[in-house]
Amino acid sequence: MGNVFRRSSGRGWRLRRSSMTLWPSWIETLQPFAPELRFQSPLLQLAEDSSAVERQRQLVEQRPELGLELVRAEHCPLPCAGGLRSAEDGWINPLVLQKALRQAIHQGPIQQKNVKVCRLSRERVKAGSLWRIESDDGDSSLHAAVVICSALDSAALLEPLGHQRPMSAVLGQVLALELDAPPKNWNTWPAVLVHKGFNLIPTGPCTLLLGATLEPGEQADPTHLSAMQRLLGKATDWIERAKVSGSWCGLRARPVDRAAPMLEMLEPGLILATGHYRNGVLLTPATAEWIKDQLDDLMETNF
Ligand SMILES: Cc1cc2nc3c(=O)[nH]c(=O)nc-3n(C[C@H](O)[C@H](O)[C@H](O)COP(=O)(O)OP(=O)(O)OC[C@H]3O[C@@H](n4cnc5c(N)ncnc54)[C@H](O)[C@@H]3O)c2cc1C
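Computed from a predicted model, the values in this text were never measured in an experiment. (Residues numbered from 1 in each chain as written. Predicted model: local features only at pLDDT ≥ 70, side-chain atom pairs only at ≥ 80, totals over all residues. Heavy atoms only, no water.)

(A) Spotlight on the packing of helix α1 (residues 10-30) against helix α7 (residues 284-302). The N-to-C vectors of α1 and α7 enclose an angle of 100°; their axes lie 7 Å apart at closest approach. Relative to α7, the element α1 is oriented roughly perpendicular. Taken together, the residues of α7 that come into contact with α1 (itself represented by Leu15, Ser18, Ser19, Leu22, Trp23 and Trp26) are Thr284, Pro285, Ala286, Ala288 and Glu289. (Axes fitted to C-alpha atoms, helices over the stretch in contact; angles between N-to-C directions. Helix = DSSP H or I, 4+ residues; strand = E, 2+ residues; numbered from the N terminus. Parallel < 35°, antiparallel > 145°, perpendicular 65-115°, else oblique. Contact = heavy atoms within 4.5 Å.)

(B) Representation of the site of the ligand in the model. As a matter of local geometry, the ligand sits amid 19 residues, with Val117, Arg278, Gly280, Val281 and Leu282 nearest to it. Within the side chain of Asp153, one N or O atom sits 3.3 Å away from a nitrogen atom of the ligand. Between an oxygen atom of the ligand and a main-chain N or O atom of Asn279, the distance comes to 3.4 Å. Contact with the protein chains covers 59% of the free accessible surface of the ligand, which is 1,000 Å². (Near = heavy atom within 4 Å. Polar contact = N/O pair within 3.5 Å; in protein donor to acceptor, adjacent residues only side chain to side chain. Areas by Shrake-Rupley, 256 points an atom, 1.4 Å probe, with all protein chains shown as cover.)

(C) Quick peek at the pattern of salt bridges. Per the counting criterion, the structure on display carries 16 salt bridges. Where Arg165 meets Glu264, a salt bridge forms, and the shortest distance between an N and an O atom there is 2.9 Å. Of this pair, Arg165 sits in the loop between α4 (154-158) and β8 (167-178) while Glu264 sits in strand β14 (residues 262-267), and the two are 99 residues apart along the sequence. Assigned by exposure class, Arg165 and Glu264 land together as buried. One salt bridge in this structure joins Arg258 and Glu264, with 3.9 Å as the shortest N-O distance. (Salt bridge = Lys/Arg side-chain N within 4 Å of Asp/Glu carboxyl O. Buried < 20%, exposed > 50% of the residue type's maximum accessible area, 1.4 Å probe, protein only.)

(D) Quick look at the sheet that holds strand β15 (residues 270-274). Pairing is mixed in the open sheet, where three strands are placed in the order β7-β15-β14. The open sheet is flanked by β7 (146-148) and β14, the only strands paired with a single partner. The sheet shows a mean angle of 20° between the axes of neighbouring strands, taken without regard to direction. Taken together, the five bridges between β14 and β15 define a ladder with antiparallel strand orientation. By the bridge assignment for β15, Glu264 is matched with Leu272. The sheet strands contacting α7 are β7, β14 and β15, and the helix crosses β15 at an angle near 175°. (Pairing = 2+ DSSP bridges.)

(E) Structural view of α7. The terminal C-alpha atoms of α7 lie 27 Å apart, and with 19 residues this matches the ideal 27 Å at 1.5 Å per residue to within 8%. For α7, the full list of buried residues reads Pro285, Ala286, Thr287, Trp290, Ile291, Gln294 and Leu298. Residues of α7 that are buried in the fold lie against α1, β7, β14 and β15. (Expected span 1.5 Å × (residues − 1).)

(F) Representation of the environment of Arg57. Among the structural elements, Arg57 can be located in helix α2 (residues 50-62). For the pair formed by Arg57 and Leu70, sequence separation is 13 residues and the distance between their alpha carbons is 6.8 Å.

(G) Just the sheet that holds strand β4 (residues 117-125), in detail. Strand order in this open sheet of three strands is β4-β5-β6, and the pairing throughout is antiparallel. Strands with a single pairing partner mark the edges of an open sheet, and in this sheet they are β4 and β6 (140-143). Neighbouring strand axes in the sheet, compared pairwise and without regard to direction, differ in orientation by 25° on average.

(H) Representation of the packing of aromatic side chains within the structure. The final tally for this structure, using the stated rule, is five aromatic pairs. With a centroid separation of 4.9 Å and an interplanar angle of 50°, the aromatic rings of Trp186 and Trp189 are classed as tilted. Both residues of the pair, Trp186 and Trp189, belong to the buried class. Through successive ring pairs, a cluster of aromatic residues spans Trp186, Trp189 and Trp238. Here the basic side chain of Arg16 rests over the ring of Phe5, its NZ or CZ set 3.8 Å away from the ring centre. The residue whose ring lies beneath Arg254 is Tyr277, and the NZ or CZ to ring-centre distance is 4.4 Å. (Phe/Tyr/Trp six-rings, centres within 6.5 Å; stacked < 30°, edge-to-face > 60°. Lys NZ or Arg CZ within 6 Å of the ring centre and 35° of its normal.)

(I) Quick peek at the domain arrangement of the protein chain. According to the domain assignment, the protein chain consists of domain 1 (1-107) and domain 2 (119-166 + 256-302). Taken together, the two surfaces of domain 1 and domain 2 that pack against each other cover about 1,100 Å², and 69% of this comes from carbon and sulfur. Inspection of the region where domain 1 meets domain 2 yields zero salt bridges. Joining domain 1 to domain 2, the criterion identifies five residue pairs in polar contact (both at pLDDT 80 or more). (Domains from an automatic or database assignment. Buried area = accessible area lost by both parts, 1.4 Å probe.)

(J) A look at the layout of surface pockets. Considering only enclosed or pocket space, the second largest pocket measures out at about 310 Å³ in volume. Lining the second largest pocket are 14 residues, with Ser129, Leu130, Ala144, Leu298 and Asn302 positioned closest to its centre. Sorting the residues of the lining of the second largest pocket by element identifies β5 (128-135) and α7 as the ones contributing at least two each. If one sorts the elements of the lining of the second largest pocket by residue count, α7 sits on top with five residues. (1 Å grid on protein atoms, 1.4 Å probe; cavity = no way out; pocket = protein on both sides within 12 Å on 5 of 7 lines; lining within 4 Å. Points joined across faces, edges and corners; volume = space filled by probe spheres on them.)

This is the structure:
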């Protein structure tokens, strides 16, 4: 949800614009590594009442170049007050994206190590600081720059260095559903339908992803899943009847007392890029671009 973001200024909006601009070239570059990688659009966000329709109308007026259009209630797949269709918003399968990224990095001069970093420390040198990384395989190495992107575990690495960046966990659960029969208008459903804060993503002739719950903490509560299936109301009792063919959950890292994400050069060479809360996939290209700019700046100052 990049172009349908509710605000039109500030860092959140700029990061979304940057990501939305970069995604097409990212997909093109990554597709050779995972041909099944696709950006599936459009996205249709349903409005529950007339004030939501009015907010959607304002977005369409403010962003004429971004492919947004209002959809009348009678043309929306579920009962609602109206909808906002965004031609360029949609979804990417994150597992396929990760597969493509893993394959792509093998092409570069990149050494991958699947180890846990247990300590990060500063070593003063004439020109400033170097960063020592110690990992749980007993290895230790010195670097001019480190980028910390370890989500909820980042705070523990930063604290001994004098940086407090607490984050809280917000658990999310998703359901994979098999419908006994699809609704009549199934063929005209968008790639993503956003309704009452949930995403409904058709994945096949009779299958659907429904998610995600927002549960503060790290413990999954099954009652949130059934509530999500029921929340869409009578008009979607076919969702309530659907067979659950799969479910999974994950933790979102939400910065405490700060806006997500945390993109900061804490000290020369100590870069924090994490705490993306609900938007880490969407903001992947913008985050990578920001990190690249920081590293370029660092190189320029050091040489
Ligand atoms: C149910 C659900 C639905 C979501 N839906 C969306 C969506 O629709 N759109 C969207 O943009 N985002 C979505 N998100 C959010 C998105 O998944 C996250 O923002 C994103 O995964 C954050 O990526 P990350 O790499 O920063 O953190 P993580 O994915 O949490 O990864 C952190 C990594 O750091 C590693 N690590 C931790 N500590 C150490 C250490 N000491 N040493 C080495 N490695 C370490 C971990 O092993 C892990 O691999 C969703 C999240 C959930 C849970």
